[in-house]
Amino acid sequence: MAENKRRKNHKDLEVVQPGFANGVAPGFPLKQSEKDKMIDQAEEAYGKFLDALKCDWRNDPNSMETPRRVAKAYVNDLWAGRYTAMSPITSFPSDGYDGIVIERNIPLTSMCSHHHQTIKGVVHIGYIAGDGGQVIGLSKLNRIVELFGRRGAIQEQLTSAIHNAVDKVTEGNKGVIVTVVATHNCVSCRGVKHDGASMVTTKASGVFRHNTNLARKEFFDSIKINNGGHQI
Ligand SMILES: [Zn+2]
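Here the structure is a predicted model, which is why all the values come from computation and not from measurement. (Residues numbered from 1 in each chain as written. Predicted model: local features only at pLDDT ≥ 70, side-chain atom pairs only at ≥ 80, totals over all residues.)

Observations concerning the overall build of the chain
Piece 1. What the chain contains, in helices and strands, is seven helices and seven strands.
Piece 2. Moving toward the C terminus, one meets the helices and strands of the chain in the order β-α-α-α-β-β-β-β-α-α-β-α-β-α.
Piece 3. A total of 232 residues make up the chain; the buried ones form 30% of that total.
Piece 4. For the chain, restricting intrachain contacts to residue pairs at least 6 apart in sequence, the fraction spanning at least 24 positions comes to 71%. (Helix = DSSP H or I, 4+ residues; strand = E, 2+ residues; numbered from the N terminus. Buried ≥ 20, exposed ≤ 12 C-beta atoms within 10 Å, placed from the backbone. Contact = placed C-beta atoms within 7 Å.)

Below, the structure written as structure tokens:
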């Protein structure tokens, strides 16, 4: 009986248009041959970028492969979420569990779309399944963070994208809350050059929206405990 209620969600997790600045590439997901071609083109273009900066990269043994390294890093890692699909997420009936589900301290590595510098931090996710609602395996929350983190975005967009995806795959939920606590390398290495400042963004829906709600309090109390030093 329960088997009949298993659901697979895949294509409806997107929050931005394909081809938009932080959206998936047109034709997503790309074939390996398409990714290989993209790496070749990006390598050539990055070599020209270094030329424009008057960097004699071709004659430095440490730099002569750098354009290719950078191109591969973007396609295979830093922006992998634009080119490589996450496998569908299976959700299951909640079977009467009506409490909050929280996963804390999901590691986040991303990149800001303003400066292409690293964003590092943690993501905390909570949700409450609805009556007859769906739950998902905890590791699926990690995979959602990876999919959207590996695109390049601003932290506000990333928080909304993760929230939207969790909301979709836990269809029928009573609420979803996502908090991202992250430091931005663009703040510490350029511009104001300040270390240690972290940015906290929260997107909440359903029962988590209101400050007086106990579920919201339970979530914030929970992530203050054992949260890897990221107090909020
Ligand atoms: Zn930035």
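Some remarks on helix H1 (residues 32–52)
Piece 1. In a regular helix each residue adds 1.5 Å, so 21 residues correspond to 30 Å; H1 covers 30 Å between its end C-alpha atoms and thus fits that length.
Piece 2. Backbone geometry just after H1 places Lys54 at a positive phi near 60°. (Expected span 1.5 Å × (residues − 1).)

Regarding the sheet that holds strand E7 (residues 198–204)
Piece 1. With respect to topology, four strands assemble into an open sheet ordered E3-E4-E6-E7, the strand pairing being antiparallel. Edge positions in the open sheet fall to strand E3 (100–111) and E7, since each of these has one partner strand only. Strand-to-strand twist of the sheet, defined as the mean angle between neighbouring strand axes without regard to direction, takes the value 15°. (Pairing = 2+ DSSP bridges. Axes fitted to C-alpha atoms, helices over the stretch in contact; angles between N-to-C directions.)

A few points about the packing of helix H4 (residues 138–149) against helix H5 (residues 155–169)
Piece 1. Across the interface, H4 lies against H5 with an axial gap of 10 Å and an inter-helix angle of 140°. Between H4 and H5, the crossing angle belongs to the class labelled oblique. Relative to H5, the crossing made by H4 is right-handed. Contacts between H4 and H5 involve Lys140, Leu141, Ile144, Val145, Phe148 and Gly149 on the former and, on the latter, Leu158, Ala161, Ile162, Ala165, Val166 and Val169.
Piece 2. For the contact of H4 with H5, the class distribution of residues is 10 nonpolar, one polar and one charged. (Parallel < 35°, antiparallel > 145°, perpendicular 65-115°, else oblique. Left-handed = near helix turned anticlockwise from the far one by under 90°. Nonpolar A, V, L, I, M, F, W, Y, C, P; charged D, E, K, R; others polar.)

Re unusual backbone geometry
Piece 1. In the segment running from Phe28 into Pro29, the intervening peptide bond is cis, with an omega of -5°.
Piece 2. In this structure, Pro29 sits in the loop between strand E1 (7–9) and H1.
Piece 3. For His116, which is not glycine, the phi torsion reads 55° and is therefore positive.
Piece 4. Looking at where His116 falls in the secondary structure, it is placed in the loop between E3 and strand E4 (118–128).
Piece 5. The partly exposed category is assigned to His116, around which 13 C-beta atoms lie within 10 Å.

Some details on the confidence of the model for the chain
Piece 1. Counting all residues, the mean pLDDT for the chain is 87, and 91% of those residues have values of 70 or more.
Piece 2. Here E1 stands out as the element of the chain with the lowest mean pLDDT, 60, in contrast to H1, whose mean of 98 is the highest.
Piece 3. Below a pLDDT of 50 lies the segment residues 225–232, which in the model reaches 14 contacts outside its immediate sequence neighbourhood of four places, other chains included. (pLDDT = per-residue confidence, 0-100.)

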